[in-house]
Amino acid sequence: MNLFEVYKLWDIEPVKGAGTAIWDKNGIEYTDLYGGHAVISVGHCHPHYISRITEQLGKLGFYSNAVQNPLQKELAERLGKISGYGDYSLFLCNSGAEANENAIKTASFHTGRSKVMAFGKAFHGRTSGAVAATDNPKIQAPFNKTGNVVFAALEDLEGVEKELSGGDFAAVIIEGIQGVAGIYEPSGEFMRGLRSLCDKYGSILIIDEIQSGYGRTGKFFAHQHHGVRADIVTTAKGMANGFPIGGVLISPDIKPSYGMLGTTFGGNHLACTAALAVLDIIEDEHLIENAARVGEYFKEAFLGDSAIKEYRGRGLMIGLELKDEFIGLRDRLLFERHFFTGAAGASVIRLLPSLTVTQECAESFVKAWKELTGQSLPRPAEPPCFG
Ligand SMILES: *Cc1c(COP(=O)(O)O)cnc(C)c1O
């Protein structure tokens, strides 16, 4: 059987990783500043991560949600503490799209309504409900045009209110920072306005933190920079460093009932252990602080860069919008300098490195970038030491 070819692949076959380093089958070393779509949050093959998972695998890898699983309760508690959403409850599933799917479903159960508002350029996943809330013609399918999803424009509170005032929206779903679109952060004013409009018209505010969450932006969830709270938060990508898992954080105002949600694999022993290991490492190594610090270095190094039109993002969620004459730079960074980066269309380079990325590693990328674009290096990050 052939593979169903839906991906454009680089001609690189990684066989080994450690931290932000990756080696291909020919022994060539690459620096990973993409983390396989923001998934690798604590670096490749972290020793603590390996030891926790292998130990659990030797005890019990899986049982379904027919029995007690204290690892789920531990994960809920730890996640509640680190995220500041300790009074919420957690539903575990296996991916980002599934998390959004369950969030939308929960909102419609709770409100008895069927309509959902999403935003221009949004990406919420590939399953039927999640893709219906995705505004990207290459991803959207005719089948998913249900009519239940209405798209509004970011920053247009008036437009949002016009729709919501009809009173028939179960939910509004918005990314903490839009990722796939090319890194667009909604303003604090807009997020706070959205919060009050959802309250006013009885719609559930779902914030999709699948890409922007888990400490990447310098706070646990990106929307926390704006002092707003969601009714439901969805999370996935960085949650277990590549082990498939997704989570839905649900407000205490939304009550569960048996049979409302369900899953076979979700919250299994191995997945919970992988997620717990990630939280251990984030806390022990102060990775949220590191994300903020190294993110600030990237920002300083790239603001005013002559190859870019615009620097967007926060912390380690970065979009570099290239000037036309530098389109193609991503391939040169990969093949000439061995840096993995992400893209959004042809003109945006996305950096989504592991939260363990070091200042030194960031500097090596900036140096390669400035050399390839014919610029002089920015001033050193640390002032030189005299005496
Ligand atoms: C990746 C992503 C998803 C979908 O996650 P999957 O695990 O691929 O299903 C949903 N929302 C956002 C914001 C994402 O970046």
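Please refer to the structure higher up on the page.
My aim in this report is to walk through the structure given alongside it, one point at a time. Computed from a prediction, not measured in an experiment: that's the story for all the values here.

The rules behind each value
- Residues numbered from 1 in each chain as written.
- Predicted model: local features only at pLDDT ≥ 70, side-chain atom pairs only at ≥ 80, totals over all residues.
- Heavy atoms only, no water.
- Pairing = 2+ DSSP bridges.
- Helix = DSSP H or I, 4+ residues; strand = E, 2+ residues; numbered from the N terminus.
- Axes fitted to C-alpha atoms, helices over the stretch in contact; angles between N-to-C directions.
- Contact = heavy atoms within 4.5 Å.
- Polar contact = N/O pair within 3.5 Å; in protein donor to acceptor, adjacent residues only side chain to side chain.
- Patch = residues over 30% accessible without salt bridge, like charges linked within 9 Å, V, L, I, M, F, W, Y side chains within 5 Å.
- Areas by Shrake-Rupley, 256 points an atom, 1.4 Å probe, with all protein chains shown as cover.
- Salt bridge = Lys/Arg side-chain N within 4 Å of Asp/Glu carboxyl O.
- Buried < 20%, exposed > 50% of the residue type's maximum accessible area, 1.4 Å probe, protein only.
- Core = buried A, V, L, I, M, F, W, Y, C linked by side-chain atoms within 4.5 Å.
- Domains from an automatic or database assignment.

With respect to the sheet that holds strand E8 (residues 204–208)
Line of reasoning, step 1. Reading across the sheet, the seven strands line up as E4-E10-E9-E8-E7-E5-E6 and stay open at both edges, with mixed pairing between neighbours. Unpaired on one side and paired on the other, strand E4 (89–93) and strand E6 (149–152) mark the two borders of the sheet. Along the sheet, successive strands turn relative to each other by an average axial angle of 20°, direction set aside.
Line of reasoning, step 2. Of the strand pairs in this sheet, E4 and strand E10 (residues 246–250) are connected by five bridges, and their pairing is antiparallel. The residue bridging Phe91 from the neighbouring strand is Val248, located in E10.
Line of reasoning, step 3. Each of strand E5 (115–119), strand E7 (169–175) and E8 touches helix H7 (residues 188–201); the most contacted strand, E7, lies at about 165° to it.

A closer look at the environment of Glu321
Line of reasoning, step 1. Among the secondary structure elements, Glu321 is positioned in strand E12 (residues 317–322).
Line of reasoning, step 2. Not counting residues within four places of it along the chain, the set of residues in contact with Glu321 comprises Tyr184, Ala307, Ile308, Lys309, Glu310, Arg312, Ser347 and Val348.
Line of reasoning, step 3. For Glu321, the side chain forms a polar contact with the side chain of Ser347, separated by 3.4 Å.

Quick word on a nonpolar patch on the surface
Line of reasoning, step 1. On the surface, Leu60, Phe62, Tyr63, Val67 and Phe265 cluster together into a nonpolar patch covering about 490 Å² of accessible area.
Line of reasoning, step 2. Its place among the elements puts Val67 in the loop between helix H2 (47–59) and helix H3 (70–83).
Line of reasoning, step 3. You can call Val67 partly exposed: its relative accessible area is 44%.

Points about the nonpolar core
Line of reasoning, step 1. Of all hydrophobic cores here, the largest spans 79 residues; its most connected members are Phe298 and Trp369.
Line of reasoning, step 2. No other element matches the 11 residues that helix H8 (residues 269–284) contributes to this core.
Line of reasoning, step 3. Of the residues that make up this core, three or more belong to each of domain 1 (48–284) and domain 2 (286–387).
Line of reasoning, step 4. Leaving out residues up to four positions away in the same chain, Trp369 has contacts with Phe302, Asp305, Ala307, Ile308, Leu320, Leu322, Leu329, Leu333, Ile349 and Gln375.

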